[in-house]
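A look at the structure
Spelled out, the chains give:
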Amino acid sequence: MPHPLKAPILVIVLGALFASSAPAQDKAIVGLIPKAQKPITLDGNLDEWDGAFVTPVHVGHPDFANRGGQFLFPWDEENLYIGLRCLDQHPAHFGADNQIWNGDAVEFYLDTRRSQELGAAQFGPGTLHMFWTPFTKTDVKPRLGVRDLPAFKDFKLQGAEVAGAKTAWGYTAEFKLPWANFRNFAAKVGEVVGIECELCSSDGGQRVDRTFVYSSPAAVSTPSAFGRVQLVEKLDPQALKPFGRSLLPLSLTKSANYAWLYGTVCLSPSIEASVAKIEGKIVDREGRVTKTTLGSRKSLDGTGFTLWTGSWELFDLPPGIYTLELAALDKEGRVVTSRKETLLHGDLPQPQARVSQPTHRDVKYGPHQRNVLDFWQADSKQPTPLLVSIHGGGFLGGNKSVAPQLLKECLESGISVAAITYRFSNQAIAPAPFQDGARAIQFLRFKAKEWHIDPKRIAATGGSAGAGISLWLGFHDDMADPKNEDPVLRESTRLTCMAVFDGQTSYDPRFIRKLFPGQDVYKIGPLRQLFDADLDRLDDLSAEKYKLFEEVSAVNHLSKDDPPVLLSYSSPMDAEITNMGIGIHHPLFGKALKEKMDELGIPCELYAGNRRIGGGTPMKVIDFLKLHFGMKK
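Calculation notes
- Residues numbered from 1 in each chain as written.
- Predicted model: local features only at pLDDT ≥ 70, side-chain atom pairs only at ≥ 80, totals over all residues.
- Heavy atoms only, no water.
- Helix = DSSP H or I, 4+ residues; strand = E, 2+ residues; numbered from the N terminus.
- Rg over C-alpha atoms; globule rule 2.2 N^0.38 Å.
- Buried < 20%, exposed > 50% of the residue type's maximum accessible area, 1.4 Å probe, protein only.
- Areas by Shrake-Rupley, 256 points an atom, 1.4 Å probe, with all protein chains shown as cover.
- Lys, Arg positive; Asp, Glu negative; His and termini not counted.
- Charge placed at Lys NZ, Arg CZ, Asp CG, Glu CD.
- Contact = heavy atoms within 4.5 Å.
- Core = buried A, V, L, I, M, F, W, Y, C linked by side-chain atoms within 4.5 Å.
- Phe/Tyr/Trp six-rings, centres within 6.5 Å; stacked < 30°, edge-to-face > 60°.
- Pairing = 2+ DSSP bridges.
- Axes fitted to C-alpha atoms, helices over the stretch in contact; angles between N-to-C directions.
- Salt bridge = Lys/Arg side-chain N within 4 Å of Asp/Glu carboxyl O.
- Parallel < 35°, antiparallel > 145°, perpendicular 65-115°, else oblique.
- Left-handed = near helix turned anticlockwise from the far one by under 90°.
- Nonpolar A, V, L, I, M, F, W, Y, C, P; charged D, E, K, R; others polar.
- Right-handed = clockwise from strand over helix to strand, strands pointing away.
- Expected span 1.5 Å × (residues − 1).

Attention now moves to the overall build of the protein. Looking only at helices and strands, the protein has 13 helices and 29 strands in total. Since a compact globule built from 633 residues should have a radius of gyration of about 26 Å, the 28 Å found for the protein is in line with a globular shape. Taken over the C-alpha atoms alone, the protein extends approximately 90 × 50 × 50 Å along its principal axes. Here the protein holds 633 residues, and the buried ones make up 58% of them. Carbon and sulfur atoms make up 49% of the accessible area of the protein, which amounts to about 26,600 Å² in all. Distance from the positive charge centre (71 side chains) to the negative charge centre (73 side chains) of the protein: 4 Å.

Glancing now at the environment of L625. Structurally, L625 can be placed in helix α13 (residues 621–629). Put simply, L625 and A460 are 165 residues apart on the chain and 9.8 Å apart in space, counted from C-alpha to C-alpha. If we skip the residues at most four places from it in the chain, L625 touches L387, C410, I415, A459 and C497.

Within soluble globular proteins, side chains that are nonpolar generally end up buried alongside one another. In this structure, F71, I82, F108, L110, W132 and I195 are the most contacted members of the largest nonpolar core, which totals 86 residues. It is α13 that provides the largest number of residues to this core, a total of 5 residues. With residues up to four places along the chain from it excluded, the contact list for L110 reads L80, G126, T127, L128, L177, W179, F182, V193, G194, I195 and F226. Membership of the second largest hydrophobic core comes to 67 residues, among which are F434, L444, F531 and A533.

For the coordinates displayed, the defined rule picks out 24 aromatic pairs. Ring geometry for F64 versus F305: centroids 6.0 Å apart, planes at 85°, classification edge-to-face. In this pair, F64 is assigned in the loop between β2 (53–57) and β3 (69–73) and F305 in strand β18 (residues 305–313), connecting sequence segments 241 residues apart. Look at F64 and you get buried, because its relative accessible area is 0%. Taking relative accessible area as the criterion, F305 reaches 1% and is therefore assigned buried. Pairwise contacts between aromatic rings join F395, Y422, F434, W472 and Y507 into one cluster.

A few words now on the sheet that holds strand β8 (residues 161–166). Spatially, the 5 strands line up as an open sheet ordered β2-β3-β4-β9-β8, and their pairing is antiparallel. Two strands close off the open sheet at either side, each with one partner strand: β2 and β8. Taken over all neighbouring pairs, the strand axes of this sheet differ in orientation by 15° on average, direction set aside. The pairing of β8 with strand β9 (residues 170–178) spans 6 bridges and is antiparallel. Residue pairing across strands places A163 opposite E174, the latter belonging to β9.

Backbone-to-backbone hydrogen bonds pair the strands of a sheet. The strands run either parallel or antiparallel. Within the open sheet, the 4 strands sit side by side as β16-β15-β19-β20. Their pairing is antiparallel. The open sheet has two edge strands, β16 (289–293) and β20 (335–345), and neither has a second partner. Averaged over all pairs of adjacent strands, the angle between strand axes in this sheet comes to 20°, irrespective of strand direction. Here 4 bridges tie strand β15 (residues 277–283) to β16, and the two strands are oriented antiparallel to one another. Counterpart to V283 in the pairing with β16 is V289.

A separate point is the pattern of salt bridges. Side chains bearing opposite charge may pair, as long as their charged atoms lie close to each other. Inspection of every chain in the model, using the stated rule, returns 38 salt bridges. In this structure, K188 engages E191 in a salt bridge whose closest nitrogen and oxygen atoms are separated by 2.5 Å. For K188, a relative accessible area of 45% corresponds to the partly exposed category. Residue classification places E191 among the buried residues on the basis of a relative accessible area of 15%. For R339, the salt bridge identified is with E341, shortest N-O distance 2.5 Å. One salt-bridge network, in which partners are shared between bridges, spans E107, E198, R207 and R210.

This part is about the packing of helix α5 (residues 432–446) against helix α7 (residues 465–475). In a pair of packed helices, the angle between the axes and the distance between the axes together describe the arrangement. The interhelical angle for the contact between α5 and α7, taken along N-to-C directions, is 60°, at an axis separation of 10 Å. When the interaxial angle is binned, α5 and α7 end up oblique. In terms of crossing hand, the pair formed by α5 and α7 is right-handed. From α5, P433, F434, Q435, G437, A438 and I441 reach across to α7, where they touch G468, I469, W472 and L473. Of the residues contributing to the contact of α5 with α7, the split by class is 7 nonpolar, 3 polar and no charged.

Right, let's talk about the environment of S224 for a bit. Among the secondary structure elements, S224 is positioned in the loop between α1 (218–221) and β12 (227–232). For S224, a relative accessible area of 4% puts it in the buried group. Along the primary structure S224 and F182 are separated by 42 residues, whereas in three dimensions their C-alpha atoms are 18 Å apart.

The next thing to look at is the pairing of strand β26 (residues 498–501). Burial along β26 is two-sided: the residues M498 and V500 and A499 and F501 are all buried. With 4 bridges connecting them, strand β25 (residues 453–463) and β26 associate as parallel partners. Bridge pairing links G463 to F501 in β26. In this fold, the crossover linking β25 to β26 by way of α7 has right-handed handedness.

So, on to unusual backbone geometry. With an omega of 10°, the peptide bond between A430 and P431 qualifies as cis. Its identity as a non-glycine residue notwithstanding, F395 has a phi of 65°, on the positive side. One non-glycine residue, H452, adopts positive backbone phi at about 65°. Of note, H452 is situated in the loop between α6 (448–451) and β25.

Once that is clear, we can look at helix α12 (residues 588–600). An α-helical turn contains 3.6 residues, so a residue and the one three or four places further along point in the same direction. Between the first and last C-alpha of α12 there are 19 Å, a value that for 13 residues agrees with the 18 Å anticipated at 1.5 Å per step. Turning to α12, the residues buried within the fold contact α7, α8 (509–515), β27 (565–569), α11 (580–584) and β28 (604–608). Once α12 finishes, G601 follows within two positions and takes phi at roughly 75°, a positive value.

Turning our attention to the environment of T253. Here T253 shows up in strand β13 (residues 250–254). Judged by relative accessible area, T253 falls into the buried class, the value being 3%. Measuring from C-alpha to C-alpha, the distance between T253 and G60 comes to 8.5 Å, with 193 residues separating the pair along the chain.

Structural measurements only, silent on function.
Below, the structure is given as structure tokens:
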């Protein structure tokens, strides 16, 4: 069973959904509880719970196979029901009856007070904090109890029940609480209550972990921290749009040594049937979309859990504040629900900092609308070497860009820079993006005299898809056509060297399957789109598809006369493949290439994490470029 990400926690998320100091009447509705569609029998099997409002929890936990959970919420006139579906390889509870929280259990919080009293800071009549578990030791033997607080001294819990069942992947549980325990509350459509569910995990011993559906540990101290939820007749798809935080719980992490942002969502079963795709956009403060990903979706067989993973390459964005806009879309492209997170990428730019503006902007190098480039001319009396930056984005997103620090170092060193775009694979499948990269190199050589470029010293750089295109250009036989009517296509496509990041040295799904046996990395969504191929049937595709796989894979074009390469990967060589995003950017791609380059005697610098493979002092990209451009340090 796949685990979510194990990279360090991302960045700063600005603001908070809940503030315990906010007045009760100002708090937003954060969830719904629909009426049960059929009578619920407490047997622990969750088989009458269709139509419940479902909130996944523990998304992004490094041990998701022992932590992932889903809380289900329905009601009727007599009872409130809470269901739980939990991934747990060792379900158990060895805690005492007066410590029901201390094991695999649920801490449950409720506030049924009316009007201004709802969400008041202190526990009192109409509120409840209690515990329940399906287990006694390792047996399904439910227990429950009320927290020992003065506010509950005279409270008599009546009619509450718990049931549970073990499964191959963990356990399920059902909890029933009669509304009659709260004298001043009558359940009906439109009523609002405060609620919180805290999932406790033990790994077979004492409690070692906990997570909350709507708030945080602040709920232990005050009902003002509970989430505000509304009783409804049923879940109206249009009414679900505001509840993206509950229905699309999101975990964000960033790799330690390279600015790749990874996202994991556990898609709520309440909306899963309606969602055709999930789109994630990184938007800058001016509202411009800088990165887009559709990511990939995978159901964990038999568990009821569906994960979506996406990634965004941030290294070429200037430091600053960005917004991640995440939207679940139906097959017509309509928003089912959405959410936003505000992110801090890098250090905030200093007010006096100036970004070099291109000498030539949005220059067309080919016929397609995305065949454009920016060019920065280095100050030099002699023709300058050129670095061409090719953006990443899974062949489905991104725009022409170059890492600000690298741009600065190049221009200060007398190296001109170009940044290109190319066709996305949803506009034209492979080899179109690679062919666009080739034409861009040819165009820049065509412009060499006018733009003061040394045509014999051109290098390429990029991350992920941009790395793959760069390597393909560097290793491919020269694509110049001396007799072509188009003077651009008469130019050479050869490169002096390549310096790339988190790159795929082959896009052949058969190569990737062999590189990561037992993993589904080769089935990642961007590869399906790049080749327009059903990779679930990899062994039954046409000969033309296999030929296409081989053609766009850089390692297949490697020969002894090819240029040197610097390969940098954010993950260490032994990084665990906990999701497809880590797999498709794994340094094993670089290791496979370096082994072949070493055999041919071609220089290849390989870095995995902070470590130079083979030992020795790491080399900066600018020093690598200077070395192979024949420039003095």
